[in-house]
Amino acid sequence: MFVLTQELFFPPVETATSDGILALGGDLTTDRLLLAYQNGIFPWFEEEQPIIWWSPNPRMVLFFEDLIVSKSMQTILKKKAFTVTFNQNFRAVISNCQQIKREGQNGTWITNDMIEAYCKLHELGHAKSVEVWQNDILVGGLYGVDLKSVFCGESMFSKVANASKVAFISLVNQLKLDNYKLLDCQVYNEHLESLGCREIPREQFLGILIGK
């Protein structure tokens with residue numbers, strides 16, 4: 001297992017374990033985070049662990065033409081029961097993603113240090129949020145890292161039914177308008193699959209991301 005130092009460096013992603021773990025250690029500085037995401041790498045760890053850097057194979061992504069919007073969701077969107085904004089309260093979104101209770105999880109991987117690191121990315125224009133409001137109350141949203149042609153989704157939350165789906169669909173529609181290539185969803189889960197996401201080989205993902 002490769003252990004990072006203060007040097008701004010990552011080993012080749014091909015050296016990752018079968019689980020996708022590439023390296024341990026390092027830091028969450030803006031420069032290191034940007035280098036990571038630009039090369040298909042992301043941090044994912046819990047409070048008491050060292051920083052763990054991942055580059056999974058396969059990679060979960062959404063090609064925009066594959067987006068699945070159910071008939072019930074189409075009805076909800078037409079009713080305009082929610083108001084959607086972009087980049088209006090990044091800190092509130094990431095904090096809610098940290099605090100929301102998730103089935104099967106005892107804690108959160110969004111540490112306080114990660115919140116500060118990603119808020120710094122946001123201040124510099126490299127991280128974006130989607131907010132979903134109901135009666136002027138923040139009820140859902142998501143955030144991620146913006147690489148200008150690929151958006152790397154990090155986490156989303158929902159306090160009322162369907163709010164996170166509204167955030168997801170709204171983001172995809174905006175990314176399509178802005179001619180992005182795809183939405184990176186990192187690792188498989190059934191909920192993402194239900195929205196049209198699918199796994200592709202890491203090599204294919206990197207080919208889209210950096211032309212490798």
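Structure: see above.
Remember, predicted model here, so these are calculated numbers, not experimental data.

Reading the values: the criteria
Counting of residues starts from 1 at the beginning of each chain's written sequence and follows it residue by residue. Only residues with pLDDT of at least 70 are given local features in this predicted model, and only at 80 or more are side-chain atom pairs given and counted; all residues enter the totals for whole chains, interfaces and linings. Hydrogens are left out, water is left out, and the side-chain values use all remaining heavy atoms of the structure. Secondary structure follows DSSP: runs of H or I at least 4 residues long count as helices, runs of E at least 2 residues long count as strands, and numbering of each begins at the N terminus. Accessibility here uses a 1.4 Å probe with only protein chains present; expressed as a share of the type maximum, an area under 20% marks a residue as buried, one over 50% as exposed, and anything in between as partly exposed. Two N or O atoms form a polar contact when they lie within 3.5 Å of each other; inside protein one atom must be a possible hydrogen donor and the other a possible acceptor, and for residues adjacent in sequence the pair counts only when both atoms belong to side chains. We call two residues in contact when some of their heavy atoms are within 4.5 Å. The criterion for strand pairing is that DSSP finds at least two bridges linking the strands in question. An expected span of 1.5 Å times one less than the residue number is assigned to each helix. It is the directions from the helix axis to the C-beta atoms that the arc portrays.

1. A few points about the side chain of arginine 59
Consideration 1: The topology assignment puts arginine 59 in strand E5 (residues 59-62).
Consideration 2: Judged by its relative accessible area of 2%, arginine 59 is buried.
Consideration 3: In this structure the side chain of arginine 59 is engaged in a polar contact, spanning 2.8 Å, whose partner is the backbone oxygen of glycine 40.
Consideration 4: In terms of polar contacts, arginine 59 uses its side chain to reach the side chain of aspartate 184, at 2.8 Å.
Consideration 5: With near-sequence residues (within four places) excluded, arginine 59 lies in contact with Gly40, Phe42, Asp184, Gln186, Arg198, Glu199, Ile200 and Phe205.

2. What about the sheet that holds strand E4 (residues 52-54)?
Sheet strands associate in pairs through backbone hydrogen bonding, adopting either a parallel or an antiparallel arrangement.
Consideration 1: Taken together, four strands build an open sheet; the order of strands is E1-E2-E4-E3 and the sheet is mixed. The open sheet is flanked by strand E1 (2-4) and strand E3 (42-43), the only strands paired with a single partner.
Consideration 2: Of the pairings in the sheet, the one linking E1 to strand E2 (residues 21-25) comprises three bridges and is parallel in character. Within E2, the residue paired with leucine 4 across the bridge is glycine 25.

3. Here we look at the pairing of E2
Consideration 1: Among the five residues in E2, four count as buried, and that is most of the element.
Consideration 2: Where E2 meets E4, three bridges bridge the pair, whose relative direction is antiparallel. Within the sheet, the bridge partner assigned to leucine 24 lies in E4 and is isoleucine 52.

4. Quick notes on helix H5 (residues 163-177)
Consideration 1: Taking 1.5 Å as the rise per residue, H5 with 15 residues should run 21 Å; its terminal C-alpha atoms sit 21 Å apart, in good agreement.
Consideration 2: Looking at H5, one finds that the buried residues are Ala163, Ser164, Val166, Ala167, Phe168, Ile169, Ser170, Leu171, Val172 and Leu175.

5. Topic: helix H7 (residues 202-210)
Consideration 1: Those residues of H7 not exposed but buried are Arg202, Phe205, Leu206, Ile208 and Leu209. The buried side chains of H7 occupy one side of the element, clustering within an arc of 160° when seen end-on.
Consideration 2: Residues of H7 that are buried make contact with helix H1 (30-38), E5, strand E9 (150-158), strand E10 (182-186) and strand E11 (198-200).

6. Brief notes about unusual backbone geometry
Both trends apply: most residues other than glycine have a negative phi, and most peptide bonds are in trans.
Consideration 1: Residue proline 58 is reached from asparagine 57 by a cis peptide bond, and omega for that bond is 10°.
Consideration 2: Among the structural elements, proline 58 can be located in the loop between E4 and E5.
Consideration 3: Unlike most non-glycine residues, asparagine 87 shows phi in positive territory, near 60°.
Consideration 4: Asparagine 87 gets classed as partly exposed once you look at its relative accessible area, which sits at 30%.
Consideration 5: Unusually for a residue other than glycine, asparagine 162 sits at a positive phi of about 75°.
Consideration 6: Assignment of secondary structure puts asparagine 162 in the loop between E9 and H5.
Consideration 7: Residue asparagine 162 is classed as partly exposed on the basis of its relative accessible area of 26%.

Spatial relationships are all this shows, so hold off on functional conclusions.
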